[in-house]
Amino acid sequence: MRIVRFLASDSRPTFGAVGSNDEVMWLRDPSDGSLESFVRSMKAVQRLDRTHAAKHGEAAPLGSVQMLSPIAPRQVIGTGTNYRDHVVEMSSTAPAVPTANFTKLPISWSCHGADVELPSGAFVDYEGEIAVVIGRPTYQITEAEVDGHLAGLCLANDVSAREVATTQLLLGKSHPGFCPLGPYLVTLDELDLDDLSYTVTVNDELRQTATTSAIIHPIRSIVASFARSLPLHAGDVILTGSPAGVGVARRPPAPLHHGDVVEITSPQLGTLRNRFVSLAGSDEYRASAE
């Protein structure tokens, strides 16, 4: 199931499911509105009743709704150097075990279609990644138990201000809007975690190509490793690493500029699209990311 979070007509964040015809069906559930209870209630959903949805005005084209980030993360944890080609291009060393390299503050999350501000004078870079979304309390579990603790996966752009991140990783990763997530959350019944692929383009120029069959530490290993030490909760997000092709490693280096559009596209997870704008040209993303 592809789950989208959007603004309903009463301006409240609402969960919906995206059908095969890209129509959004409102998901009415008995939960208390939290992601954890929502995911729990959705486990019983076997299909979408499109006739009922149409009769009660509970369906709309995907392009007509104001999309939000699929979740509002409590915390975002990033693991780096998890693709061997990226390790090489950054002259780094692959960690022997999954490593929680950094976090992103809540102010950094954003959504599909939102503008992302470019801090003045910063070398802002893209990193296309797959994001894992925790669905229920997760602590000291085995890899075999991981699937039962996940809400699903989505795409992410681990945006970085490189010169700041070199000495202050938290600040370089946490500027407002520096963690677009989306376009929707895809549940595990539609996914093979070891065979997901995606590409990253900047203004339609191919920059990154990745498949999870090539990552150093598989998704389940990352989640289980982090959960041995850190209790995870519904809505927590884990970024699983980026492949080669980032702007800072190009020759010459290629930072993002005003008006650049970054698209991360996956056959399984959709397309996450964001435009990057100078501080003077952006006042839109805050409203669309709430």
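Analysis parameters
Residues numbered from 1 in each chain as written. Predicted model: local features only at pLDDT ≥ 70, side-chain atom pairs only at ≥ 80, totals over all residues. Heavy atoms only, no water. Helix = DSSP H or I, 4+ residues; strand = E, 2+ residues; numbered from the N terminus. Contact = heavy atoms within 4.5 Å. Areas by Shrake-Rupley, 256 points an atom, 1.4 Å probe, with all protein chains shown as cover. Patch = residues over 30% accessible without salt bridge, like charges linked within 9 Å, V, L, I, M, F, W, Y side chains within 5 Å. Salt bridge = Lys/Arg side-chain N within 4 Å of Asp/Glu carboxyl O. Buried < 20%, exposed > 50% of the residue type's maximum accessible area, 1.4 Å probe, protein only. Pairing = 2+ DSSP bridges. Axes fitted to C-alpha atoms, helices over the stretch in contact; angles between N-to-C directions. pLDDT = per-residue confidence, 0-100.

J.: Can you help me understand the overall build of the chain in this one?
T.: Helix and strand counts for the chain stand at 7 helices and 19 strands. In the chain, of all internal contacts separated by at least 6 residues, the share reaching a separation of at least 24 is 74%. Carbon and sulfur atoms make up 51% of the accessible area of the chain, which amounts to about 12600 Å² in all.

J.: Is there a simple way to explain a nonpolar patch on the surface in this structure?
T.: Judged by side-chain polarity, Leu 105, Ile 107, Leu 170 and Leu 171 come together as a nonpolar surface patch covering roughly 350 Å² of accessible area. Among the residues examined, Leu 170 registers a relative accessible area of 37% and is labelled partly exposed.

J.: Sorry if this is basic, but what is going on with the sheet that holds strand β9 (residues 115–118) here?
T.: Across the sheet, which stays open at both edges, the 5 strands sit in the order β9-β19-β18-β15-β16 with mixed pairing between neighbours. Lying at the two open borders of the sheet, with one neighbouring strand each, are β9 and β16 (205–211). On average, each strand axis in the sheet is tilted by 20 degrees relative to the strand beside it, whichever way the strands run. Bridge analysis of β9 against strand β19 (residues 270–278) gives 4 bridges, and the strand direction is parallel. Along β19, the bridge assignment pairs Asp 115 with Arg 275.

J.: Looking at this model, I keep getting lost on the confidence of the model for the chain. Mind explaining?
T.: In the predicted model, the chain carries a mean pLDDT of 87, and the fraction of residues at 70 or more is 86%. Below a pLDDT of 50 lies the segment residues 44–56, which in the model reaches 12 contacts outside its immediate sequence neighbourhood of four places, other chains included. In this model residues 281–290 is a low-confidence stretch, pLDDT under 50, and it forms 24 contacts with partners more than four residues away in sequence or in other chains.

J.: Can you help me understand helix α6 (residues 219–227) in this one?
T.: Residues spaced three or four apart along an α-helix point in a common direction, a consequence of the helix completing one turn every 3.6 residues. When you tally the buried positions in α6, you get 8 out of 9 residues, the bulk of the element. For α6, the set of buried residues is Ile 219, Ser 221, Ile 222, Val 223, Ala 224, Ser 225, Phe 226 and Ala 227.

J.: I keep staring at unusual backbone geometry and nothing clicks. Help me out?
T.: Glycine aside, the phi torsion of most residues is negative, and most peptide linkages are trans. A cis amide bond links Gly 182 to the next residue, Pro 183, at an omega of 0 degrees. As for its placement among the helices and strands, Pro 183 is situated in strand β14 (residues 179–186). A cis amide bond, omega 0 degrees, links Arg 251 with the succeeding residue Pro 252. Even without being glycine, Thr 81 reaches a positive phi, approximately 45 degrees. Examined against the element boundaries, Thr 81 turns out to sit in the loop between β6 (76–78) and α3 (84–89). You will see that Asp 204, though not glycine, has its phi angle at about 70 degrees, which is positive. Locating Asp 204 in the fold gives a position in the loop between β15 (197–202) and β16. Owing to a relative accessible area of 70%, Asp 204 belongs among the exposed residues under this scheme.

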